[in-house]
Structures are given as C-alpha cells and as structure tokens.
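For reference, the chains in residue letters:
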Amino acid sequence: MEAVENSSRSLNFIESIIEEDLKNNKNEGRVHFRFPPEPNGYLHIGHAKSICLNFGLAEKYHGKCNLRFDDTNPAKEDVEYVDAIKEDIKWLGFQWVDEPHYASDYFDQLYKWAIKLIQDGKAYVDEQPQEEISQQRGVPTRPGIESPHRNRPIEENLALFEKMKNGEVADGSMVLRAKVDMSSPNMHMRDPIMYRVLHAEHHRTGNKWNIYPIYDFAHGQSDYIEGITHSLCTLEFEIHRPLYDWYLNQIADGDYRPRQIEFARLNLSYTVMSKRKLLELVEKNMVTGWDDPRMPTISGLRRRGYTPESIRNFADRIGIAKRDNVIDVGLLEYSVREHLNQIAPRVFGVLDPVKLIITNYPKNKVEELELINNPEDPEGGSRMIPFTREVYIERNDFMEEPPKKFFRLGPGREVRLKGAYIVKCMDYKKDENGKITEIYCTYDPETKSGGNAQRKVKGTLHWVSAEHAIDAEVRLYDRLFTDEDPAGHKDKDFKEFINPDSLKILKHCKLEPSLKGVKPGDKFQFQRLGYFCVDNDSQPDHMVFNRTVPLRDSWKKKK
RNA sequence: UGCCCGAUGGUGUAAUUGGCAACACGUCUGAUUCUGGAUCAGAAGAGUCCAGGUUCGAGCCCUGGUCGGGCAACCA
C-alpha cells in the first residue's frame, strides 16, 4: 500500500526533468547525482534536504550518487568536518557509491585544463591588486572595463601561471582569469577568476599546490569527470550556470554535459541555517558545540533524539520547488513525534516531583504491576514496575483550587494512578512558602488496573514509587531563537534573538527503576510529557535525558 | 532602475497534451481513550499577485505591470 502511494505521487520539477531525460535516453539512460559539501562546517537540516534529494533520486531512478567534498579552499577546510559529514550521511541511512570523491583529486586535471584555456587564448594572468580588479568589474547595472593585461601574449601568461604554481609569487599578488565578457549583464561572466595564489597546506594535498581553483572552475569539471548527469544545487547558484556551462564547453569533447539544476534551499522558522552563523554560535560558546541539541545540525538533531526516519520523512513532506520558503518548525516536530510514537517505549518519569502518600495502603507492601510498553507496538511487550505507599507525582498535576476542567488532582478529587489504583485526595501539606510538600490520598483496592472495576475517573496520572525511583537529570530544550526569522532583520544581529530559556536543566527528576542501564541514544516516551532520549553525557550513576519534543498538549493550549 | 529566478488557503507542496484547485501540517468541532498522547469522523479556510489578451473553457498559454528573492569574495 505504501508503494502505491509512492508511485502515484506527483513529480517535483526535478523528477519531471529526469523522467523526460530518461524518455529521450539522454546520457544513455544513465542518472548520476552527487552531494558536494564543503568540509568547512557541520551539516544541518538544510543539507539533509539536499542529501535526501540527491541520494533519494538515485534510489528512485536506480542511478548512483557520489559524495564529493568540495575542498578547493584550504583556508577554511578541515578533516574534522570531513569525518563528521560522512558520519551524518551514513546515519541518515544513505551510502555513496565507491569511495568519497574530492575536488582536490582533480587538481592536476584542472591545472591542465587551465593551461589549455591559456593556450586557447581564453585565460590570462592578472597581477593587478584585488581592489583594482573588483573596481574594473563594474556594478550589475553598468558594464565593467577590461584589464590592461587581458591581451598579453600566451607565452607570457604561461610563464606567469607557472610562477604562480611554483610558489614564486606572494598570496594575492596574481590570479588567473578566464577571458569571457567584461560587459556581460551577469557579473560572473566578467572575466571570472579561475585560480588564486594561496600558500596554504591542504588537508589532502599538503603543500603540493600554491594555487587553488575557485569554485566555478572546479565544480562543473568535477561533475564532468565523475559523469554526473544532474547536478543539483541551491538557487543562489542559478546565476553561475552560464559560467558552469561556459567552462564545460571549453574543455569537453563529445556531447555529454552534466546539467546544473537549482532548487530552493530549506529555511526553518525560529532558527538560522547558515554554516557561518552556526559556526559563530559555536565559537562564541552560545551553544555547547555543533552537536548541541538546540542546533539545527544533523548531529544536534541526532543528539536531541531525532531519528533518521523522521528527518527523511520531513524532507519528503516539504517537497522540492524553486520558490523561497520558510517551513514551520512544527512540521519537523510533527515528523519526530510521528515516528517516536511508533517506536518509543512508554515509561514513567516525574520531572518535578511531589510526594503522594496513600494513607490506607500498607506500609511495607510492594506490588509489582504490569505495564504495556507501547500500545502502538503489538510486539512491544510489557514490564513490571513497583507500587508502594509513597509515590511521586508531577507537581503540576495537583492544584489547591482547580478549575472545573482540570482533570487532575485537587482536594477531594479522584484520579487514577496509571496502571495502579484510583486514589482520592484527602489532605495536603504546605511549607511556609506555600509550596505543596505532601499530598495525602486514600486508594480504592477495588479499582486495580486490569480488574473489573466499573468506576471511571477523568484523569490519569503517571507516578513513580518513591522508594524505587532513580534520580536523573533532564534537559528541556526550547527553540534557540525567540524570533521566527532571526537572520531576517537588517538592523539587528541574529544573536539578539537568542532565547534565554532555550535550555532548562532539571535535577533530581524521578524515573521508574526499569530505566536502570539505559545507554546514550536510547529513546522513550515519558508518559504524558514527551519523548526523551539518553544524552551522551549520561553516566550509569548520573543519568541525563534530553527532551526531544513534548507531546501535543490540548490542555495547555486551552489555557 | 541591468540581468536571472519566483508568486496557489496560516505554512509547505500538487493540479503532466488548458476542463470549474488537491494533499500534508496547523486551526476548530465531535467520538473514543487507564497518556488532556495516539486513533477515528467531520468542518472552516485560497478562486491561484494585478490588468489585459487567446480560447467554448486559463492556476497552467501570450502581453504589460506589481511584489519578493538573487547577482558586484582571490568563499562555496
């Protein structure tokens, strides 16, 4: 039934192009994609969209998808990021064909092509200062003017480029430029830079090179070398496409050309989605790292308790198009809840405990009660949990003067302790500050769960036996920013919108004893509260849980 | 005042030879429930940026506007 739904779903514009190409037997019916991250930061949910698109398309059309690191700028790149990126892609459940590729694998070939362009009179060395070059380029509304070095002899260009390559000239003192069109309305065609001098150590090629190609002179060629058929990228590269095609036409033989297609990047409400800004949050210690559970990074979402399935479903739901979009973060949350509802075992955890004493329950009695692990999962089984005279319940499940619609505990009111008995509140105690310290109830032995009690009550509470409870730390996360579009204000820095309450740490929460021995990454539903997972910081004697997402709460909404 | 791209319920996405706008999330009802969860049933909400044109018929085609985004790193 899933398959039917899948196959009958309408195509996005990229799929339409692919199916058209397939119909025309373009590229002999081959489809080959690539995901081309620059290893200068961690992947975020926006990259996940692209990963799901590229690898997903490869699966759907029985093609291939490469992983290619776009590592042409050693000044910003690092192996740390290479490793993290690979891990994130694998975690999402995708596998690239062969070994990962690197743009740096093609430096030799790129260099040869640069020579060819020079020999063809299509490229020249320009040793003007950067400011000069940028000034001559003009502005979008006015044409630029040509460099005085534009028409220097080929031999001279060759000699100069050789010097650049050999490290004989200083950083920034010379560039190799393509001879395209200084009067083009497209700024990228105004004799774009192909190579710059950079005496930097590259994480893969070491000190072999003193010159490094610019993105535009590397990306299309890399696609070409790898036999990519559809090169998908985000909208801001649209204007680069004529240059992408121009370079390819200078170097390619035959008919085959990779085709660049642009789609709109993902924007999520209440967060930022640029590596630069995320890096800033990390470097200024406004979060604990790239994998801080509040970060929209894949590693952050993973630590937060998101599952690969939920992210892939999310990516599916948001679709692919060319118009700018802002996805409600609520849709992401919906996607995790949907999956976790299926797979997460239910447990009892009391975050803000207050003691409830059942005055008519025997003092040393312990009853082992059986609870279903997950009503949504028939295979989920059940577990035993101890019930005793003193239990903890959630502080906000009791009110001294409850309103009519409050289905929980209050003086004289009855509720069911889930899986146990119906209890009635007879009395309660407060300290000098008016804080409730103890609640006294009686229980009705006839109402044991699973029995044939007729009586029904409106409210059901979760609880934990005081004597058996495990103490734990629980971290509650909220959105990182208070503004829907923190980066969208011209006059204000996005950091001004950081939510001061994005992390709340709760100590001494009380968890049911079955949670002993959980491992980082384990996921649960704390009943009536939300989905939680064990954090990497968790220790056997000091458990730490992250709240992935709260349950939907129609009571809270009503208030 | 150049070039490129876009415009469909609150948010996304769809409507595939032009046939009176669909799906998901969200919202609101009601049912059900030992999770105020989940589930189930139903409702409201756009006449497709505007104005012309072609056509029996236009969200889809044409013309002209408007609005939004992008482009002037030796970043990607």
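Residues numbered from 1 in each chain as written. Chains lettered and ligands numbered in written order. Predicted model: local features only at pLDDT ≥ 70, side-chain atom pairs only at ≥ 80, totals over all residues. Heavy atoms only, no water.

### Observations concerning the confidence of the model for chain A
On average, chain A scores 95 in pLDDT, and the residues at 70 or more come to 99%. Throughout residues 1-7 the model reports pLDDT below 50, and contacts reaching past four residues in sequence, or to other chains, amount to zero contacts. (pLDDT = per-residue confidence, 0-100. Contact = heavy atoms within 4.5 Å.)

### Structural notes on the side chain of Arg196
On the secondary structure map, Arg196 appears in strand E6 (residues 193-197). Despite being buried, Arg196 has no salt bridge partner; Glu77 is the closest side chain of opposite charge, sitting 6.9 Å away. Not counting the four nearest positions on each side in its chain, Arg196 is found in contact with Thr72, Asn73, Met174, Val175, Asn210, Ile211, Tyr212, Pro213 and Ile214. (Helix = DSSP H or I, 4+ residues; strand = E, 2+ residues; numbered from the N terminus. Buried < 20%, exposed > 50% of the residue type's maximum accessible area, 1.4 Å probe, protein only. Lys, Arg positive; Asp, Glu negative; His and termini not counted. Salt bridge = Lys/Arg side-chain N within 4 Å of Asp/Glu carboxyl O.)

### Quick word on a positive patch on the surface
On the surface, a cluster of positive charge is made up of Lys404, Lys405, Lys458 and Lys558. Relative to the helices and strands, Lys558 resides in helix H14 (residues 554-558). The class for Lys558 is exposed, based on a relative accessible area of 60%. (Patch = residues over 30% accessible without salt bridge, like charges linked within 9 Å, V, L, I, M, F, W, Y side chains within 5 Å. Areas by Shrake-Rupley, 256 points an atom, 1.4 Å probe, with all protein chains shown as cover. Charge placed at Lys NZ, Arg CZ, Asp CG, Glu CD.)

### Description of the packing of helix H5 (residues 107-119) against helix H9 (residues 241-251)
Packing of H5 against H9 brings their axes to within 10 Å, and their N-to-C directions diverge by 85 degrees. By the angle class used here, H5 and H9 are roughly perpendicular. Touching Trp113, Lys116 and Leu117 of H5 are Trp246, Tyr247, Gln250 and Ile251, all from H9. Among the residues forming the contact of H5 with H9, the class breakdown is five nonpolar, one polar and one charged. (Axes fitted to C-alpha atoms, helices over the stretch in contact; angles between N-to-C directions. Parallel < 35°, antiparallel > 145°, perpendicular 65-115°, else oblique. Nonpolar A, V, L, I, M, F, W, Y, C, P; charged D, E, K, R; others polar.)

### A look at the protein's contact with RNA strand B
Among the 68 residues in the neighbourhood of RNA strand B, the closest are listed as Thr72, Arg196, Arg346, Ser449 and Gln525. For RNA strand B, the fraction of protein-proximal atoms (within 4 Å) that sit in sugar or phosphate groups is 63%. Those elements giving two or more residues to the surface near RNA strand B turn out to be E6, helix H12 (308-318), helix H13 (329-343) and H14. Looking at the surface near RNA strand B residue by residue, the class counts come to 24 nonpolar, 20 polar and 24 charged. (Near = heavy atom within 4 Å.)

### Topic: the packing of aromatic side chains
Taken as a whole and assessed by the stated rule, the structure comprises 28 aromatic pairs. Pairing Phe69 with Tyr102 gives two aromatic rings, centres 5.2 Å apart and planes at 25 degrees, and the pair type is stacked. In this pair, Phe69 sits in strand E2 (residues 64-69) while Tyr102 sits in strand E3 (residues 101-102), placing the two residues 33 residues apart along the sequence. Since its relative accessible area comes to 0%, Phe69 is described here as buried. A residue is classified by how much of its surface remains accessible, and Tyr102, at 8% relative accessible area, is buried. By the ring-pair criterion, three or more aromatic residues cluster together here, those being Phe107, Tyr111, Phe161, Tyr195, Trp209, Tyr212, Phe217, Trp246 and Tyr247. Taking the ring centre of Tyr102 as reference, the NZ or CZ of Arg204 above it sits at 3.5 Å. (Phe/Tyr/Trp six-rings, centres within 6.5 Å; stacked < 30°, edge-to-face > 60°. Lys NZ or Arg CZ within 6 Å of the ring centre and 35° of its normal.)

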